[in-house]
Amino acid sequence: TVEHQADTTCILPIHWHNEMEIIHVAEGNAVFRIENREYAVRAGDALFVHPGELHSGEGVPGVPVRYHAIVFHFDWLSSLQQDRIQQRYLNPIAEGTARLPSLLSAADERHAPLLELVRQILLCHEHRPPAFEMNLKALLLMLIAEVYRH
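This write-up is about the structure you can find in this document. (Residues numbered from 1 in each chain as written. Predicted model: local features only at pLDDT ≥ 70, side-chain atom pairs only at ≥ 80, totals over all residues. Heavy atoms only, no water.)

**What to know about unusual backbone geometry**
Phi angles above zero are rare outside glycine, and Arg128 is one such case at about 45°. Along the chain, the position of Arg128 falls in the loop between α2 (112–127) and α3 (132–149). Given a relative accessible area of 46%, Arg128 falls into the partly exposed group. Phi angles above zero are rare outside glycine, and Ala131 is one such case at about 65°. Within the secondary structure layout, Ala131 lies in the loop between α2 and α3. Residue class for Ala131 comes out partly exposed when judged on its relative accessible area of 38%. (Helix = DSSP H or I, 4+ residues; strand = E, 2+ residues; numbered from the N terminus. Buried < 20%, exposed > 50% of the residue type's maximum accessible area, 1.4 Å probe, protein only.)

Right, here's the structure in full:
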């Protein structure tokens, strides 16, 4: 969890990494940039940042912001064998021929099931029940499956 006061301009310095990242805005408003695209987000929204993408964030003057960053190696979701799931759904994302949507908006009712899964991922990680790593993996796979369904 990252929190910034209302007077903070830079809430996420520009950077990139080889991991997938999900940014969930828990409170306030912000503007995030992913490559050359800009996203004005508010509490309840989430962003997908693909490996290798430059990204950064700025606070909105006078508005405190709190967000969560879920960072993971995409190959953590991969199967040991090239099964149908791996070939049809995961490989295209890993290879960059398919993309998860950059923005999940709380204002868009179609995104509600996806955002609920993001919240479940955050809760699972926060509470860390026994075998929570398997739950996280399952929830991330369910999130990707929901993206494909929509």
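Having seen the structure, we can now continue with the description.
**Considerations on the side chain of His55**
Relative to the helices and strands, His55 resides in strand β7 (residues 55–59). Judged by relative accessible area, His55 falls into the buried class, the value being 2%. In terms of polar contacts, His55 uses its side chain to reach the backbone carbonyl oxygen of Glu53, at 2.8 Å. Residues contacting His55, with those up to four places away along its chain left out, are Leu12, Pro13, Ile14, His15, Trp16, His17, Glu21, Arg33, Ile34 and Val49. (Polar contact = N/O pair within 3.5 Å; in protein donor to acceptor, adjacent residues only side chain to side chain. Contact = heavy atoms within 4.5 Å.)

**Topic: the packing of aromatic side chains**
This model, assessed by the stated rule, comprises two aromatic pairs. Lying across the ring of Trp76, Lys137 places its NZ or CZ 6.0 Å from the centre. (Phe/Tyr/Trp six-rings, centres within 6.5 Å; stacked < 30°, edge-to-face > 60°. Lys NZ or Arg CZ within 6 Å of the ring centre and 35° of its normal.)

**Focus: the pattern of salt bridges**
If you walk through the whole model with that rule in mind, you get eight salt bridges. For Glu38, the salt bridge is made with Arg33, and the minimal N-O distance between the two is 2.9 Å. One salt bridge connects Asp108 with Arg110, and the closest N-O pair in it is separated by 2.6 Å. A relative accessible area of 18% places Asp108 in the buried class. On the accessibility criterion, Arg110 (56% relative accessible area) is exposed. Linked through salt bridges whose partners overlap, the residues forming this network are Arg33, Glu38 and Glu58. (Salt bridge = Lys/Arg side-chain N within 4 Å of Asp/Glu carboxyl O.)

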